[in-house]
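Structural overview for review
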Amino acid sequence: MSQFDTDLIIAGGGLAGATLALAMARVLPEVRVTVVEAFPLAAAALPAAYQPSYDARSTALAFGSRLIYEELGLWSRLSEHVTPIRRIHVSDRGRFGATRLDATEHGQDALGYVADNRWMGLCLMRELLDSQVQWRAPAEVVDMTAEADGVRVVLNDSQGRQSLTAQCLVVADGGRSGLRETLGFQPRHHDYGQNALIANVSTSDSHQFCAFERFTDAGPMALLPQGGGVRPGHQSALVWTLSDQALADLLERSDADKCRLLQERFGWRLGRFTRIGECSHYPLKLTTVDEPVRPGVALVGNAAHALHPVAGQGFNLALRGLMTLVEQFRLATEQGLSLGDARVLRRYQQHHRQDWQQTVQFSDSLIRLFGPDLAPVAAVRDAGLVGLDLLPGAKRWFARKAMGLGGRRAVIHRPGGPNRESSDHA
Ligand SMILES: Cc1cc2nc3c(=O)[nH]c(=O)nc-3n(C[C@H](O)[C@H](O)[C@H](O)COP(=O)(O)OP(=O)(O)OC[C@H]3O[C@@H](n4cnc5c(N)ncnc54)[C@H](O)[C@@H]3O)c2cc1C
């Protein structure tokens, strides 16, 4: 009989927490996992009942993330409703520089995929409800104390306050609930002084499965191809960076005015903007935690790092980190160590650190170099984009970053399955 109520507690069942739970169920089925999620479970809304809405929010999954979901046995279901990104067009408004990445140049059919967040959540939930993972929802983790070889986690649910013991707590609460701070982690924030406006838009021309990254004097914008809609191929997901003032002005405008302003910023590569859906917006910050582990507890997903969404790297980085963590948990069980053992969590941090640092730097430098106009960097960025197009090595490096193939991933060992070395799919 184990001395703990469960082995691993995951605080937060969003995309990161649910993916970690699934990876644990696949790789270490003997380890008892409990997910504590603040929202009630929507068990009735399973994939069979799925109808995408015009305003669905989506995530750009890099090609490397597809490989991870393939290894977790989720891709065949997930791929029913994803849109491939076959090309990426990077340009600088009013400037000469532009570069184009094409999946065929890298021997793949797609550089990445656009997936509806709700669809991803439903697919994960469907798999998890069929697994041995336990759910406590709606319930919130509010505190944790370290105990000999493990942790005591305090949660609040409809029954009131109670505690659960486990070998380890993984915090995947998205960083907004304050659990990270309650537990004494010290995030560093860099405020970009800008906001991301998110909306789905329709265009008169088909996107032809091309994603656009466009840098303007007011900040970067991205358009990701989406499937479905009344005219399939004519809908894209917009991420538009705006200052506080520009955002306030834009939100006051009619939809027709918003389309007109977007047209001025983006140009005519997708023809005319004919519709803009519901707009949501977020202040843009880079949040990182230098030491995301301590004995008994680790931060993952947005709780560990929140990046600028225009480069579409945040969740992809989180996924690679989750696989690294699961691999260290697997080694810990082989070596008879507790999942929360300081050595186990430190090894996870060491193995993920380089990818984490490089991805944060990649994402941040895109924003600093291509952000609001700074005369001294304008020439550098022109040279950068032209250089990317002319230098096969630089372009290939950029493409591999965008595809989520820049670093090595953890080896995924599944019981009874082939142990596949993380391929770099060079
Ligand atoms: C506008 C925007 C666009 C983006 N686009 C991309 C993209 O294209 N590609 C990409 O790779 N990344 C993208 N990202 C990043 C990506 O969305 C995040 O990395 C991802 O959603 C993080 O998931 P998470 O599970 O860490 O956090 P969340 O999705 O925030 O989930 C946290 C979960 O924890 C629960 N919770 C909170 N507090 C508690 C508590 N105390 N106890 C229990 N449960 C709790 C919440 O209910 C929630 O379900 C984007 C981000 C933004 C903001």
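Placed above this text is the structure.
So, here's what we can say about the structure. Remember, predicted model here, so these are calculated numbers, not experimental data.

Applying the stated criterion to the full structure yields three cavities of 30 Å³ or more. Put simply, the largest cavity is a space of about 120 Å³. Taken together, 16 residues make up the lining of the largest cavity; nearest its centre are Pro-292, His-305, Tyr-348, His-352 and Trp-356. Elements represented by at least two residues in the lining of the largest cavity include exactly helix H8 (314-335) and helix H9 (342-370). Ranked by the residues each element gives to the lining of the largest cavity, the list is headed by H9, at five residues. Looking at side-chain class alone, the lining of the largest cavity contains nine nonpolar, five polar and two charged residues.

To continue, consider the environment of Arg-180. Inspection of the secondary structure assignment puts Arg-180 in helix H5 (residues 179-182). Here Arg-180 falls in the buried class, since its relative accessible area comes to 4%. C-alpha of Arg-180 to C-alpha of Ala-303: the two residues are 123 residues apart in sequence and 6.9 Å apart in space. Ignoring sequence-local partners within four residues, the contact set of Arg-180 consists of Asp-173, Gly-175, Phe-185, Pro-187, His-189, Thr-287, Val-289, Leu-299, Asn-302 and Ala-303. Within the local environment of Arg-180, its side chain forms a polar contact with the backbone oxygen of Ala-303, the two atoms lying 2.9 Å apart.

Taken together, 28 residues lie around the ligand, and Ala-16, Glu-37, Ala-60, Asn-302 and Phe-315 are the ones closest in. A distance of 3.4 Å is found between a nitrogen atom of the ligand and a backbone nitrogen or oxygen belonging to Val-36. A distance of 3.0 Å separates an oxygen atom of the ligand from a polar atom in the side chain of Arg-176. Relative to its unbound accessible surface of 1000 Å², the ligand loses 84% to contact with the protein. Every element with two or more residues in the shell around the ligand is listed here: helix H1 (15-27), strand E3 (58-62), strand E9 (139-147) and H8. Classifying every residue of the shell around the ligand by side-chain character gives 13 nonpolar, eleven polar and four charged.

Let us look at the nonpolar core. Among the nonpolar cores identified, the biggest contains 59 residues, and Leu-8, Met-24, Val-33, Tyr-69, Leu-78 and Phe-329 are the most heavily contacted of them. Per element, the largest residue contribution to this core is ten residues, and it comes from H1. In this structure, Ile-9, Val-153, Phe-185 and Leu-299 belong to the second largest nonpolar core, which totals 21 residues.

Here the focus is the sheet that holds strand E4 (residues 82-85). The three strands lie next to each other as E3-E7-E4, forming an open sheet whose pairing is antiparallel. In this open sheet, the two strands that pair with only one neighbour each are E3 and E4. Averaged over all neighbouring strand pairs, the angle between strand axes comes to 25 degrees, with direction disregarded. Bridge analysis of E4 against strand E7 (residues 112-116) gives four bridges, and the strand direction is antiparallel.

Quick notes on the rules
- Residues numbered from 1 in each chain as written.
- Predicted model: local features only at pLDDT ≥ 70, side-chain atom pairs only at ≥ 80, totals over all residues.
- Heavy atoms only, no water.
- 1 Å grid on protein atoms, 1.4 Å probe; cavity = no way out; pocket = protein on both sides within 12 Å on 5 of 7 lines; lining within 4 Å.
- Points joined across faces, edges and corners; volume = space filled by probe spheres on them.
- Helix = DSSP H or I, 4+ residues; strand = E, 2+ residues; numbered from the N terminus.
- Nonpolar A, V, L, I, M, F, W, Y, C, P; charged D, E, K, R; others polar.
- Buried < 20%, exposed > 50% of the residue type's maximum accessible area, 1.4 Å probe, protein only.
- Contact = heavy atoms within 4.5 Å.
- Polar contact = N/O pair within 3.5 Å; in protein donor to acceptor, adjacent residues only side chain to side chain.
- Near = heavy atom within 4 Å.
- Areas by Shrake-Rupley, 256 points an atom, 1.4 Å probe, with all protein chains shown as cover.
- Core = buried A, V, L, I, M, F, W, Y, C linked by side-chain atoms within 4.5 Å.
- Pairing = 2+ DSSP bridges.
- Axes fitted to C-alpha atoms, helices over the stretch in contact; angles between N-to-C directions.

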